[in-house]
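So the chains spell out like this:
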Amino acid sequence: MGQRKEDLKKMSDKVLSVGAVHSLINSFMLFHDGMTLSHLGRYSRAYTLVQLSIEEAGKALMLEELAFFKKNQHAFTKIENETFDEKLDKVDRLFFKHETKTEGSMKFMIAMIKNMFLDGEREEEEIKRLKNDMDSKELNNMKNSSLYVDLSNSSFKIPYDAVSEKEFSKLQALGHSILHHAKKYVFRSDEIISEMGVNPELLRKLDPYSESRRLNHSVDLNKYHSKAAIDW
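Just so you know, these numbers come straight off a predicted model, no measurement behind them. (Residues numbered from 1 in each chain as written. Predicted model: local features only at pLDDT ≥ 70, side-chain atom pairs only at ≥ 80, totals over all residues. Heavy atoms only, no water.)

Considerations on the overall build of the chain
And then number 1: Secondary structure summary: the chain contains eleven helices and two strands in total.
And then number 2: Taken from N to C terminus, the helices and strands of the chain fall in the order α-α-α-α-α-α-α-β-β-α-α-α-α.
And then number 3: By the burial criterion, 40% of the 232 residues in the chain qualify as buried.
And then number 4: Contacts in the chain between residues at least 24 apart in sequence constitute 72% of all its contacts with a sequence separation of at least 6. (Helix = DSSP H or I, 4+ residues; strand = E, 2+ residues; numbered from the N terminus. Buried < 20%, exposed > 50% of the residue type's maximum accessible area, 1.4 Å probe, protein only. Contact = heavy atoms within 4.5 Å.)

See the structure below:
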């Protein structure tokens, strides 16, 4: 735990931004995998992957925010009433915790809503709706339910029946919105992205549905929903 904090502290703002870019690319890839499984009707597993994508996006946003603090710590004693060391402590505590990474994504989306210049009542409604949709504990519990056979009220909870298409679609829409806004924030430095050897235009065009679209065009999905030829 302490070593991770020391590693983060030693990193330059550029290296932290590189970590943010890698984390967000990974977030897109997790979302891709979730969408691919959803085309096969595997909504429980797809839900897990999209939720992991939201968590990984939260990690990317934390690292980019830490990079901003690192770059500007000498110009400003405090940014948003936090010092760099206070921000570092927070990132160190949250970096590998599932629920708090989701909360990192939620905090970012709340900032996006506040930047929309809505009237007070509408802004309050949007933030309330977001907090309800992004209850980190509930999302984490649902993710666990979609992975493991569990016990509840003297009966088994089956993971492959845990998530409906409607529940998946709701999370998918949320994940898409987070990725859409996060890439504008994390992929904004063409200099850093070019130094990584990545084409900035390719990242800007990164589409969370691209792989599932390719699957949909190349595979006859109907055969996955027909009766299996072999009884296992």
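Regarding helix H3 (residues 43-72)
And then number 1: For H3, with 30 residues, the first-to-last C-alpha span of 43 Å sits near the 44 Å given by 1.5 Å per residue.
And then number 2: Summarising burial for H3: 25 of the 30 residues are buried, a large majority. (Expected span 1.5 Å × (residues − 1).)

Describing the pattern of salt bridges
And then number 1: Evaluation of the coordinates by the stated rule reveals four salt bridges.
And then number 2: Glu195 serves as the salt-bridge partner of Lys14, at 3.2 Å between the closest nitrogen and oxygen. Here Lys14 is found in helix H2 (residues 13-39), whereas its partner Glu195 is found in helix H9 (residues 190-195), with 181 residues between them in sequence.
And then number 3: With its nearest N and O atoms 3.8 Å apart, the salt bridge here joins Arg188 to Glu64. Of this pair, Arg188 sits in the loop between helix H8 (165-186) and H9 while Glu64 is found in helix H3, placing the two residues 124 residues apart along the sequence.
And then number 4: The exposure class assigned to Glu64 is buried, which follows from its relative accessible area of 8%.
And then number 5: Salt bridges sharing partners connect three or more residues here, namely Lys14, Glu191 and Glu195. (Salt bridge = Lys/Arg side-chain N within 4 Å of Asp/Glu carboxyl O.)

Some details on the packing of aromatic side chains
And then number 1: Inspection of every chain in the model, using the stated rule, returns one aromatic pair.
And then number 2: Between Tyr43 and Phe168, the aromatic rings sit 6.0 Å apart at their centres with planes inclined by 40 degrees, giving tilted as the arrangement. Taken together, the residues span a long stretch of sequence, with Tyr43 in helix H3 and Phe168 in helix H8 at a distance of 125 residues. (Phe/Tyr/Trp six-rings, centres within 6.5 Å; stacked < 30°, edge-to-face > 60°.)

Digging into the confidence of the model for the chain
And then number 1: The share of residues in the chain with pLDDT of 70 or more is 73%, and the mean pLDDT across the chain is 76.
And then number 2: Within the chain, helix H11 (residues 210-218) has the poorest average pLDDT of any element, 59, and H2 the best, 90.
And then number 3: When the criterion is pLDDT under 50, residues 223-232 qualifies, and its contacts beyond four places in sequence or with other chains add up to five contacts. (pLDDT = per-residue confidence, 0-100.)

A short note on the packing of H2 against H3
And then number 1: Packing of H2 against H3 brings their axes to within 8 Å, and their N-to-C directions diverge by 165 degrees. The angle between H2 and H3 places the two elements in the roughly antiparallel class. You can see that H2 and H3 cross each other, and the crossing is left-handed. (Axes fitted to C-alpha atoms, helices over the stretch in contact; angles between N-to-C directions. Parallel < 35°, antiparallel > 145°, perpendicular 65-115°, else oblique. Left-handed = near helix turned anticlockwise from the far one by under 90°.)

Examining the packing of H3 against H8
And then number 1: Their axes nearest at 9 Å, the elements H3 and H8 cross at an angle of 25 degrees. Considering their axes alone, H3 and H8 lie roughly parallel with respect to each other. For the element pair H3 and H8, the recorded crossing hand is left-handed. On H8, the residues that touch Tyr43, Ala46, Tyr47, Val50, Gln51, Ser53, Ile54, Ala57, Ala60, Leu61, Glu64 and Glu65 of H3 are Glu165, Glu167, Phe168, Leu171, Gln172, Leu174, Gly175, Ile178, Leu179, Ala182, Tyr185 and Val186.
And then number 2: Across the contact of H3 with H8, the residue classes tally to 16 nonpolar, four polar and four charged. (Nonpolar A, V, L, I, M, F, W, Y, C, P; charged D, E, K, R; others polar.)

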